[in-house]
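Structure at a glance
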Amino acid sequence: MKRFSWVGAAAAAALFAAPAVAQAQAAARQDPVLEAIWNEGTRNSQLERLAQALTDSIGPRLVGTPQQKLASDWAIAQYRSWGIQARTEQYGTWRGWERGITHVDLVQPRVRSLEGMMLAWSPGTGGRPVEGPVVALPDFATQQEFQAWLPQARGKFVAISFAQPSCRPDENRARWATEESFARFRQQRSADSAAWEQRVARTGLTSRTLPVRLEEAGALGVIASNWSQGWGVNKVFQARTQRVPHLDLSCEDYGLLFRLAKNNQGPVIRVVAESSATPAEIPVYNTIAEVRGRQKPNEYVMLSAHFDSWDAASGATDNATGTVVMMEAMRILRKVYPNPKRTLLVGHWNGEEQGLNGSRAFAADNPRIVQNLQALFNQDNGTGRVATLSMMGFTGAQPFFARWLAQVPRDITRHITVDSPGVPSSGGSDHASFVCHGAPGFSLSSLSWDYSTYTWHTNRDTYDKIHFDDVRNNAVLTAMLVYLASEDPNRVPRDRITTFPAGRTGTPGSWPACQDATRTSAASTR
């Protein structure tokens, strides 16, 4: 069995006074709970099993879909099998929707099956194939010209996105092209992209409202493509139409249709798209697990990760990884630390992708928990090992983290940089829903692993992208931080920074104000 080594004295001393660090390290070597966390997390990890069931079998967890409920039921069953109480807490309602199959086929001037899918909450084709020509949005000089053209959209699929000149990533082109050629390519692409933006603007509409107007004019469907700058990767979000399909095609296949249309070569596609929507909104809720504290049950240490995802793929690194980290940490703690000093809560938040709705609602609905929060640890940026811990503007938090990290194995802490005092998050992920209330919520920020390009909100965010060595690292780190925060005799202070660095506008920042949760899709503007 591999034994862990503790953080080096020099590194720990950089975070806190050396005598206190040495004291913490000595205590850690004698702490059987920390060693039990390490052994359980590294020798008996359940992460692969949890992640596979969640991403492969249940799949993506779009708000309002059956998969979101299946995931919640599955998580509650897992927690109860470990002897942990778990429940749902409704915070609102959302449109109910279920995705079926999508087939998009080019039938003229040649036959080819295309890579594409409906956007989230898109209408389908009513259980039948719909066939029609493809046209690219023309270039209008004025809004009046666009209005005069609109009747010609009837009975057609309209392509409304910029067609990339190449779907080869820049890093690959830069590797092989001459500097002059690469520079010319980028300059031309930038000019063409700006011209396309102006083309859309001259309709008097936006990328959000243009699909609606085309639908009203009788278009058979709207075709878009949102390339993520990587091989075969698109960002896939939500539909804007209400009656006809809003489709996303791969960069390559969108470009094919666009070029055929531009050159008057008569592209015709056949679309079969299946989806079903509920006539009324359905309940949406967070999934909460809890182990009551033995000495201070009314003080809380929270584990936090959003449960929902977009549904272009499986939601693996956004945010099944954070979800299973918190589940695994709770499993480990229940086994080796069954009677915590403070109450342990884990929040699996819904509606994060639509604006942190689940966590904002929870914080607003549970002021007692927020007021008595010792610390919250949130993870939500991919599969990489935790590399940065920001103190989020809490000026008294650094000594606590220094003490805690001094007791965590060096195998983990050697990767971590502490940003103190840091600045408070106003959004981005669910810790911000607590920080705005002045409660100590912290983000366990991970290494990239090309997250932004390849897996964040993309059609390639699948189980195979998970790097389990790093995820195991994060589960063990989380379990140890939760244990140490629970056992700490002192409360993490809530003193805040008063001087903020200037933002992009040159104006100094301020502590973020809390925003209301959007509790119904009817009220959503996203």
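The model shown is predicted, which means the values in this text are computed figures rather than measured ones.

Points about the packing of helix α3 (residues 32-43) against helix α11 (residues 316-336)
- Closest axis-to-axis distance for the α3/α11 pair is 10 Å, and the angle between their directions is 130°. The orientation of α3 with respect to α11, classified from their angle, is oblique. The crossing of α3 and α11 is right-handed. Listed contacts from α11 to Val33, Ala36, Ile37, Glu40 and Gly41 of α3 are Arg331, Ile332, Leu333, Lys335 and Val336.
- A breakdown of the residues in the contact of α3 with α11 according to their chemical character gives six nonpolar, one polar and three charged.

Observations regarding the nonpolar core
- One finds Ile37, Tyr79, Met330, Phe377 and Trp404 to be the most contacted residues of the largest nonpolar core, which totals 73 residues.
- Here this core takes twelve residues from helix α18 (residues 468-487), the largest share from any one element.
- If near-sequence neighbours (up to four positions away) are discounted, Tyr79 is found in contact with Ile84, Ala86, Ala289, Met326, Met327, Met330, Val346 and His348.
- Residues Val63, Phe140, Val158 and Ala219 belong to the second largest nonpolar core, which totals 49 residues.

A short note on the pattern of salt bridges
- A full pass over the atoms with the stated rule returns 24 salt bridges.
- Each of the salt bridges in this network shares a partner with another, and the network as a whole consists of Glu40, Glu328, Arg331 and Lys335.

Examining the pairing of strand β14 (residues 386-390)
- Counted residue by residue, β14 has four buried out of five residues, so it is predominantly covered.
- In this sheet, strand β16 (residues 441-446) lies alongside β14 in antiparallel orientation, the contact comprising three bridges. In the sheet register, Thr388 faces β16, and the bridge partner there is Ser445.
- Note that β14 and strand β15 (residues 417-419) share three bridges and pair parallel. Bridge pairing in β15 places Thr388 opposite Thr417.

Some words on helix α5 (residues 66-81)
- Across its 16 residues, α5 extends 23 Å between first and last C-alpha, which sits within 8% of the 22 Å expected from 1.5 Å per residue.
- Burial in α5 covers these residues: Gln68, Ala71, Ser72, Trp74, Ala75, Ile76, Gln78 and Tyr79.
- Summarising the contacts, the buried residues of α5 are in contact with α4 (47-58), β1 (85-94), β10 (282-291), α11 and β12 (342-349).
- Just downstream of α5 lies Gly83, where phi reads positive at about 80°.

Regarding the sheet that holds β14
- In space, the eight strands of this open sheet follow the order β1-β10-β12-β11-β13-β16-β14-β15, with mixed pairing throughout. Every interior strand has two partners, whereas the edge strands, β1 and β15, have only one. With strand direction ignored, the average angle separating the axes of adjacent strands in the sheet is 25°.
- Relative to β12, β10 runs antiparallel, the two being bridged by five bridges. Pairing of Val291 across the sheet is with Leu344, part of β12.
- Across the sheet, α11 touches β10, β11 (296-306), β12, β13 (373-378) and β16, and the angle it forms with β11 is around 150°.

Here we look at the pairing of strand β9 (residues 268-277)
- Examined bridge by bridge, strand β2 (residues 97-108) and β9 share nine bridges and lie antiparallel to one another. Pairing of Gln108 across the sheet is with Val268, part of β9.
- The pairing of strand β5 (residues 130-136) with β9 spans four bridges and is antiparallel. Among the inter-strand pairings, Glu131 is bridged to a residue of β9, identified as Arg270.

Digging into the state of the cysteines
- This structure, assessed with the given rule, holds two disulfides.
- Each sulfur of the disulfide joining Cys167 and Cys251 lies 2.1 Å from the other. Across the disulfide from Cys167 to Cys251, rotation about the S-S bond amounts to roughly -85°, and the bridge is consequently left-handed. On the criterion of sequence distance, the pair formed by Cys167 in the loop between β6 (157-159) and α7 (170-176) and Cys251 in helix α10 (residues 251-262) is long-range, its members being 84 residues apart.
- Taking relative accessible area as the criterion, Cys251 reaches 4% and is therefore assigned buried.

Some points on the sheet that holds strand β4 (residues 116-118)
- Taken together, eight strands build an open sheet; the order of strands is β3-β2-β9-β5-β6-β7-β8-β4 and the sheet is mixed. If you trace the sheet from one side to the other, it starts and ends with β3 (112-114) and β4, each paired once. In this sheet, adjacent strand axes meet at a mean angle of 30° when their direction is disregarded.
- One ladder, built from three bridges, connects β4 with strand β8 (residues 246-249); its direction is antiparallel. Paired with Gly116 across the strands is Leu249, a residue of β8.
- Across the sheet, α10 touches β2, β3, β5, β6, β7 (221-224), β8 and β9, and the angle it forms with β3 is around 125°.

Re the confidence of the model for the chain
- The predicted model of the chain has a mean per-residue pLDDT of 94, with 94% of residues at 70 or higher.
- Contacts for the low-pLDDT stretch residues 1-11, under 50 throughout, to residues beyond four places or in other chains number 32 contacts.

Conventions and cut-offs
Residues numbered from 1 in each chain as written. Predicted model: local features only at pLDDT ≥ 70, side-chain atom pairs only at ≥ 80, totals over all residues. Heavy atoms only, no water. Axes fitted to C-alpha atoms, helices over the stretch in contact; angles between N-to-C directions. Helix = DSSP H or I, 4+ residues; strand = E, 2+ residues; numbered from the N terminus. Parallel < 35°, antiparallel > 145°, perpendicular 65-115°, else oblique. Left-handed = near helix turned anticlockwise from the far one by under 90°. Contact = heavy atoms within 4.5 Å. Nonpolar A, V, L, I, M, F, W, Y, C, P; charged D, E, K, R; others polar. Core = buried A, V, L, I, M, F, W, Y, C linked by side-chain atoms within 4.5 Å. Buried < 20%, exposed > 50% of the residue type's maximum accessible area, 1.4 Å probe, protein only. Salt bridge = Lys/Arg side-chain N within 4 Å of Asp/Glu carboxyl O. Pairing = 2+ DSSP bridges. Expected span 1.5 Å × (residues − 1). Disulfide = S-S within 2.5 Å. pLDDT = per-residue confidence, 0-100.

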